[in-house]
Amino acid sequence: MSSALTDLLPHPIVQAPMAGGVSVPQLVAAVSEAGGLGFLAAGYKTADGMYQEIKQLRGLTSRPFGVNVFLPQPELSESGAVEVYAHQLAGEAAWYETELGDPDSGRDDGYDAKLAVLLDNPVPVVSFHFGVPGRDVLDRLRRAGTLTLVTATTAEEARAVERAGADAVIAQGVEAGGHQGTHRDLPENDGSGIGLLSLVAQIREAVSLPVVAAGGIMRGGQIAAVLAAGASAAQLGTAFLATPESGAHTLHKRALTDPLYARTELTRAFSGRPARVLVNRFVREHGPYAPAAYPEVNHLTSPLRKAAARAGDAQGMSLFAGQGHRLARELPAGELVEVLAAELAAARTALSAGGDAR
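This structure is a prediction, so every number in the text was calculated from the model and none was measured. (Residues numbered from 1 in each chain as written. Predicted model: local features only at pLDDT ≥ 70, side-chain atom pairs only at ≥ 80, totals over all residues. Heavy atoms only, no water.)

Novice: Even after reading the chapter, I still don't get helix 8 (residues 155-164), so can you show me in this structure?
Specialist: Burial in helix 8 covers these residues: Ala155, Glu157, Ala158, Val161 and Ala164. Here the buried face of helix 8 lies against helix 7 (135-143), strand 5 (147-152), strand 6 (168-172) and helix 9 (196-206). Directly after helix 8, the chain includes Gly165, whose backbone phi takes a positive value near 100°. (Buried < 20%, exposed > 50% of the residue type's maximum accessible area, 1.4 Å probe, protein only. Helix = DSSP H or I, 4+ residues; strand = E, 2+ residues; numbered from the N terminus. Contact = heavy atoms within 4.5 Å.)

Novice: Help me understand the nonpolar core in this model?
Specialist: Grouped burial of nonpolar side chains is what soluble globular proteins tend to show. In terms of nonpolar packing, the biggest core is built from 86 residues, with Phe128 and Phe240 touching the most fellow members. Ranked by residues supplied to this core, first place goes to helix 15 (residues 333-352) with six residues. With sequence-adjacent residues up to four places away left out, Phe240 is seen in contact with Ile13, Gln15, Met18, Leu27, Val31, Ser246, Ala333, Leu336, Val337 and Leu340. Grouped together as the second largest cluster of nonpolar side chains are 16 residues, Leu89, Ala293, Val297 and Leu304 included. (Core = buried A, V, L, I, M, F, W, Y, C linked by side-chain atoms within 4.5 Å.)

Novice: Help me understand the side chain of Ser127 in this model?
Specialist: Its location among the elements puts Ser127 in strand 4 (residues 125-129). Looking at Ser127, the relative accessible area reads 1%, which means it is buried. Once you skip the residues sitting within four places of it in the chain, Ser127 turns out to touch Pro17, Phe39, Val67, Asn68, Val69, Leu149 and Ile170.

Novice: I would appreciate a short explanation of the packing of helix 2 (residues 25-33) against helix 3 (residues 47-60) in the present structure.
Specialist: Geometry of a packed helix pair, given as the angle between the helix axes and the separation of the axes. Orientation of helix 2 relative to helix 3, taken along the N-to-C sense of each, is 40°, at an axis distance of 9 Å. Looking at the two axes, helix 2 sits oblique to helix 3. Here helix 2 and helix 3 pass one another in a crossing that is right-handed. Contact residues: Pro25, Gln26, Val28, Ala29 and Glu33 in helix 2; Glu53, Gln56, Leu57 and Leu60 in helix 3. (Axes fitted to C-alpha atoms, helices over the stretch in contact; angles between N-to-C directions. Parallel < 35°, antiparallel > 145°, perpendicular 65-115°, else oblique. Left-handed = near helix turned anticlockwise from the far one by under 90°.)

Novice: How should the sheet that holds strand 7 (residues 178-179) be read in this particular structure?
Specialist: Strand pairing within a sheet occurs via backbone hydrogen bonds; the two strands may be parallel or antiparallel. Taking strand neighbours across the sheet as the criterion, the three strands line up as 7-11-10 in an open arrangement whose pairing is antiparallel. Where the open sheet ends on each side, the last strands, each with one partner, are strand 7 and strand 10 (264-267). In this sheet, strand 11 (residues 275-278) lies alongside strand 10 in antiparallel orientation, the contact comprising four bridges. Following the sheet pairing, Thr264 is matched in strand 11 by Leu278. (Pairing = 2+ DSSP bridges.)

Novice: Mind showing me how you'd approach unusual backbone geometry here?
Specialist: Most peptide bonds take the trans form, and the phi angle of most residues other than glycine is negative. Cis geometry is found at the peptide bond from Tyr294 to Pro295, where omega equals 10°. Relative to the helices and strands, Pro295 is located in the loop between helix 13 (281-286) and helix 14 (296-310). A positive phi angle, near 55°, is found at Glu97, a position not held by glycine. Position of Glu97 among the secondary structure elements: in the loop between helix 5 (90-95) and helix 6 (111-120). A positive phi angle, near 55°, is found at Asp109, a position not held by glycine. As for its placement among the helices and strands, Asp109 is situated in the loop between helix 5 and helix 6. Among the residues examined, Asp109 registers a relative accessible area of 22% and is labelled partly exposed.

Novice: Is there a simple way to think about the pairing of strand 6 in this case?
Specialist: The side chains of a regular strand alternate between the sheet's two faces. With five of five residues buried, strand 6 lies mostly within the body of the structure. Neither face of strand 6 is left uncovered, since the one carrying Ala168, Ile170 and Gln172 and the one carrying Val169 and Ala171 both have all their residues buried. Handedness of the strand 5-helix 8-strand 6 crossover: right-handed. Strand direction decides the pairing type here: strand 6 and strand 8 (residues 211-214), joined by four bridges, are parallel. In the sheet register, Val169 faces strand 8, and the bridge partner there is Val211. (Right-handed = clockwise from strand over helix to strand, strands pointing away.)

It is worth stressing that arrangement in space is one thing and function is another; only the former is reported here.
Below you can see the structure in the form of structure tokens.
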């Protein structure tokens, strides 16, 4: 990894930005203070909301941190499928005694306004999801002293990241919880995601950028594995979701290790984009019919998800989680970083000695 990025990481551990209120300043600060790289999620926030969280975070830690931004999405060519899905969800709205959201509430997530804030008040690292920003954007951030990372789910996407001039690429395997960061959301590609170790190897051969590996990582031994495969650091989301500093709903945290939720699945049910979640009633009933329509579906279902949370009904919530969710540990975030670092060191020692790397 470039020395500039290495200097930010006493431990090669990055806390994934989890939008929707999970990656709160307290979580980010705890991870960064422990020697990892914490990330705020700007997704679904206003530019001012993001700015206020950055200010709060700077009051909690002087350590480096990152901010994640969603790329604007292209216009839908056909909106009829969203209307059909809204009719299907009418029963959910009646059950939770709420209205469906307005699918036309906006497509760009305040992208330009957020960039303006990040250029006026530079942060150490900015990452991008759902596409590749223009070279001019990455150049402006670099001149402001910010390192840039962009998610890729294939080697082809990683090449686009390199051409745009990013400092590093986040290789997101299909195991990852939450939204897949594909650059183009093509329904014909559903189910064709690449496992993390294969993806890291493919991206390493395709580009010369440093690679941050993301997807299903919950233990230090897994961090050792992706580092051995050529990654420079590992990004973990679900592992930090269960920590007390996480802003996730209590029901969401409990569900990670609840036997009731036997598996995860990539679904468009909640947002219109493939996202890995714990399979609950909502996914089973609506996942097969959800259209490829992000962010329209995300706006549509937002009041339903909030109402389910208020009602204490996890069966109607979007329980984002990676494939390793059963390995979640309810440790304070800083302690979890230290445990992961110790496990990583033990795994490296065992590998060099030819022993058990668990």
